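Next come the chains, spelled out residue by residue.
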Amino acid sequence: MRSKPIRPARAAGDYPRPTPAELAAAADRTIPDVLAPGLAVLFVGINPGLWSAATGWHFARPGNRFWPALHRGGFTPRLLHASEQGELPTLGLGITNMAARASARADELSTEELLDGAAILTAKVARYRPRWVAVVGVTAYRIGFRRPKATFGPQPEALAGARLWVLPNPSGLNAHFTPRTLGLAFAELRAVAI
């Protein structure tokens, strides 16, 4: 995979914030995946939040710790802003979601949506053939793949030929993990995946 230099980041305050009306209108929208064939790691969020659906950027809400964890884990040479998600394939990384529709909270998703999402994800993995699939949220993984006792880390089964790993949910609502411990969890995956 050809690599290109990553541009310097803009300050977080340089990006427009969606208005309350834009956030409300974003419910049930979908956003495009960040995908390419043969990625090293495909990260799988639970579903887009309203902020992500309003901006079109994965893990876009201020306070979501995905981008800092990705950097702390050693996947990116600097902290990327969600608007720079297009840089990920040059690093062998991609992003998709278990469920496509945006909601204010992940607990608004039905079991059926997560089961359907797991089937759709399996087809994407078969088509794009990443080496690793990292589901970012153990509860969504447990429900979608019918693995009620799954824990964090590597999983014993493969997904359409890709190795599976489960990471903690980086939402700011997940107080069980600090920015430091999230970075360490991402670093464990990087150590085996790249």
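In case you missed it, the structure is sitting above this.
Calculation rules
- Residues numbered from 1 in each chain as written.
- Predicted model: local features only at pLDDT ≥ 70, side-chain atom pairs only at ≥ 80, totals over all residues.
- Heavy atoms only, no water.
- Helix = DSSP H or I, 4+ residues; strand = E, 2+ residues; numbered from the N terminus.
- Rg over C-alpha atoms; globule rule 2.2 N^0.38 Å.
- Buried < 20%, exposed > 50% of the residue type's maximum accessible area, 1.4 Å probe, protein only.
- Phe/Tyr/Trp six-rings, centres within 6.5 Å; stacked < 30°, edge-to-face > 60°.

A. Region of the structure containing the overall build of the chain. Looking only at helices and strands, the chain features 6 helices and 5 strands. Ordered by position in the sequence, the α and β elements of the chain form the string α-β-α-α-β-α-β-α-β-β-α. What you see for the chain is a C-alpha radius of gyration of 16 Å, in line with the 16 Å of a compact globule of 194 residues. In terms of overall dimensions, the chain has C-alpha extents of about 45 × 40 × 35 Å along its principal axes. A buried classification covers 48% of the 194 residues belonging to the chain.

B. Seen up close, the packing of aromatic side chains. As enumerated under the stated definition, the model contains 9 aromatic pairs in all. Judged by centre distance (5.2 Å) and plane angle (90°), the ring pair of Phe-66 and Trp-67 falls under edge-to-face. In this structure Phe-66 comes out as buried when scored by relative accessible area, which is 0%. Summarising the aromatic geometry, the rings of Phe-66 and Phe-186 are spaced 5.9 Å apart at their centres and angled 70° between planes, so their arrangement reads as edge-to-face. Taken together, the residues Phe-66 in helix α3 (residues 66–72) and Phe-186 in helix α6 (residues 179–193) connect sequence positions 120 residues apart. Its relative accessible area of 0% is what places Phe-186 among the buried residues. Each residue in the set Phe-43, Phe-59, Phe-66, Trp-67, Phe-75 and Phe-186 is aromatic and connected to the rest through ring pairs, giving one cluster.

C. Structural view of unusual backbone geometry. Of note in this structure, Asp-28 is not a glycine but carries a positive phi near 75°. The phi dihedral of Ala-160 is positive, around 50°, even though this residue is not glycine. By secondary structure assignment, the location of Ala-160 is in the loop between β4 (153–159) and β5 (162–167).

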